[in-house]
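The chain contents come next:
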Amino acid sequence: MFIPSAFVETDLIWLDRLLARDAFVTLVTTGADGLPQATRMPVLYRRDADGILIEGHWAKPNPQAGHAGPALMLVQGPHAYVSPGWYPDNAVRNGVGQPKAGPQGEPQGRGQHKAAQARVPTWNYAAAELRGVLEPVTDDETLIAMLDGLSTHYETQVGGDWDLLPIEPRQQRMLGGIVGFRFRPAQVQIKLKLSQNHPEANQSSVIDALSALDAPASRELAQWMRWRREGGTAAD
């Protein structure tokens, strides 16, 4: 993933937050034809002293099912459009415009408008890319434990009480239709493109503008920008 230095994040707490927010990831591998194969799926994420472990499963007819070896996992965070009109130092917003050329073609008034900047639209977002190795899981006992963990995690989030265990005969037979996997990332890249390359006044103005929009995604991004400016002190 291309990450300019201003947007590089190495604290894994941000990966925790990304996957706590939305663990519906995109898993990318290379198919037999040499082309990328991608599957979108929910996963169960765990990070402890032993490292990072991500578990999930495919439907067996999926061509990607059972892939063993290198893989890329894409994690999407909040994102939203940012208008150049929100920046206090935007030249156009402040009526400065571009300096006019003098008689010999040199720009005039450059010193007069030195503080004003030519700003353009952009998109702010948070995301992560994980590279590692997939380990297929096919034995029933391990699959049942993985599915139980996944279902319990998401049932808790929605206030549900469905329980896989004790597993019923029909559910046992359905295990033949899936292939599980474990994914252990060897490389983690986290990108927080949250206006860190702008002056403080611009960052504050963007946060205020996003917060004022009637769009949950924009307001969520504004909160992530606040957390980043406060040194990552979000409540977990």
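It should be noted that the structure appears before, not after, this text.
Residues numbered from 1 in each chain as written. Predicted model: local features only at pLDDT ≥ 70, side-chain atom pairs only at ≥ 80, totals over all residues. Heavy atoms only, no water.

Caption draft 1: Examining the overall build of the protein chain more closely. Each helix and strand counted, the protein chain has 5 helices and 8 strands in total. Scanning the protein chain from its N terminus toward the C terminus, one meets helices and strands in the order β-α-β-β-β-β-β-β-α-α-β-α-α. Burial analysis of the protein chain (236 residues in total) assigns 40% to the buried set. Taking as baseline every contact in the protein chain between residues at least 6 positions apart, the subset at least 24 positions apart corresponds to 76%. Surface accessibility of the protein chain: about 13200 Å² in total, with carbon and sulfur atoms responsible for 54%. (Helix = DSSP H or I, 4+ residues; strand = E, 2+ residues; numbered from the N terminus. Buried < 20%, exposed > 50% of the residue type's maximum accessible area, 1.4 Å probe, protein only. Contact = heavy atoms within 4.5 Å. Areas by Shrake-Rupley, 256 points an atom, 1.4 Å probe, with all protein chains shown as cover.)

Caption draft 2: Seen up close, the pairing of strand S8 (residues 178-193). The pairing of strand S1 (residues 8-9) with S8 spans 2 bridges and is classified as antiparallel. Paired with Glu 9 across the bridge in S8 is Ile 190. Here 6 bridges tie strand S5 (residues 51-59) to S8, and the two strands are oriented antiparallel to one another. Paired with Ala 59 across the bridge in S8 is Ile 178. Across 13 bridges, strand S7 (residues 122-137) lies against S8 in antiparallel orientation. (Pairing = 2+ DSSP bridges.)

Caption draft 3: Structural context of the side chain of Glu 129. The residue Glu 129 is located in strand S7 in this model. A distance of 3.4 Å separates the side chain of Glu 129 from the backbone nitrogen of Met 1, its partner in a polar contact. (Polar contact = N/O pair within 3.5 Å; in protein donor to acceptor, adjacent residues only side chain to side chain.)

Caption draft 4: Layout of the pattern of salt bridges. Considering all chains together, one arrives at 10 salt bridges under this definition. When the shortest N-O distance is used, the salt bridge between Glu 135 and Arg 184 registers 3.2 Å. With Glu 135 in strand S7 and Arg 184 in strand S8, this pair connects stretches of sequence that are 49 residues apart. Residue Arg 184 is classed as partly exposed on the basis of its relative accessible area of 40%. (Salt bridge = Lys/Arg side-chain N within 4 Å of Asp/Glu carboxyl O.)

Caption draft 5: Just the environment of Leu 221, in detail. Secondary-structure assignment places Leu 221 in helix H5 (residues 216-229). Classification of Leu 221 by relative accessible area gives buried; the value is 0%. In the structure, Leu 221 is positioned 143 residues away from Pro 78 in sequence and 5.4 Å away in space, judged by C-alpha atoms. Apart from residues lying up to four places away in sequence, Leu 221 is in contact with Pro 78, His 79, Ala 80, Asn 124, Tyr 125, Leu 194 and Leu 210.

Caption draft 6: Examining the nonpolar core more closely. Of all hydrophobic cores here, the largest spans 38 residues; its most connected members are Met 73 and Phe 181. Looking at this core, the elements with two or more residues in it are helix H1 (13-21), strand S2 (24-30), S5, strand S6 (69-82), S7, S8, helix H4 (200-212) and H5. Of all hydrophobic cores here, the second largest spans 8 residues; its members include Val 137, Met 146, Leu 164 and Leu 175. (Core = buried A, V, L, I, M, F, W, Y, C linked by side-chain atoms within 4.5 Å.)

Caption draft 7: Layout of unusual backbone geometry. With an omega dihedral of 0°, the bond running from Leu 165 to Pro 166 counts as a cis peptide bond. Mapped onto the secondary structure, Pro 166 falls in the loop between helix H2 (140-157) and helix H3 (169-174). Residue Ser 195 is not a glycine yet carries a positive backbone phi of 70°. For Ser 195, the position within the fold is in the loop between S8 and H4.

Caption draft 8: The arrangement of the packing of H1 against H5 in detail. Here H1 crosses H5 at 165°, and the two axes come no closer than 13 Å. When the axis of H1 is compared with that of H5, the two are roughly antiparallel. Here H1 and H5 pass one another in a crossing that is right-handed. Along its contact with H1, which presents Trp 14, Arg 17, Leu 18 and Arg 21, the element H5 presents Glu 220, Trp 224, Trp 227 and Arg 228. Of the residues in the contact of H1 with H5, the class split is 4 nonpolar, no polar and 4 charged. (Axes fitted to C-alpha atoms, helices over the stretch in contact; angles between N-to-C directions. Parallel < 35°, antiparallel > 145°, perpendicular 65-115°, else oblique. Left-handed = near helix turned anticlockwise from the far one by under 90°. Nonpolar A, V, L, I, M, F, W, Y, C, P; charged D, E, K, R; others polar.)

Caption draft 9: Structural context of the packing of aromatic side chains. Evaluated as defined, the whole model comprises 4 aromatic pairs. With a centroid separation of 4.8 Å and 45° between ring planes, the pair formed by Trp 58 and Phe 181 is classed as tilted. Remark: Phe 181 occurs in strand S8 and Trp 58 occurs in strand S5; sequence separation between them is 123 residues. Ring plane angle 65° and centroid distance 6.1 Å describe the contact between Tyr 81 and Trp 123, whose orientation is recorded as edge-to-face. Linking Tyr 81 in strand S6 with Trp 123 in strand S7, this pair joins segments that are 42 residues apart in sequence. (Phe/Tyr/Trp six-rings, centres within 6.5 Å; stacked < 30°, edge-to-face > 60°.)

Note that all results are geometric; they support no functional claim without further evidence.
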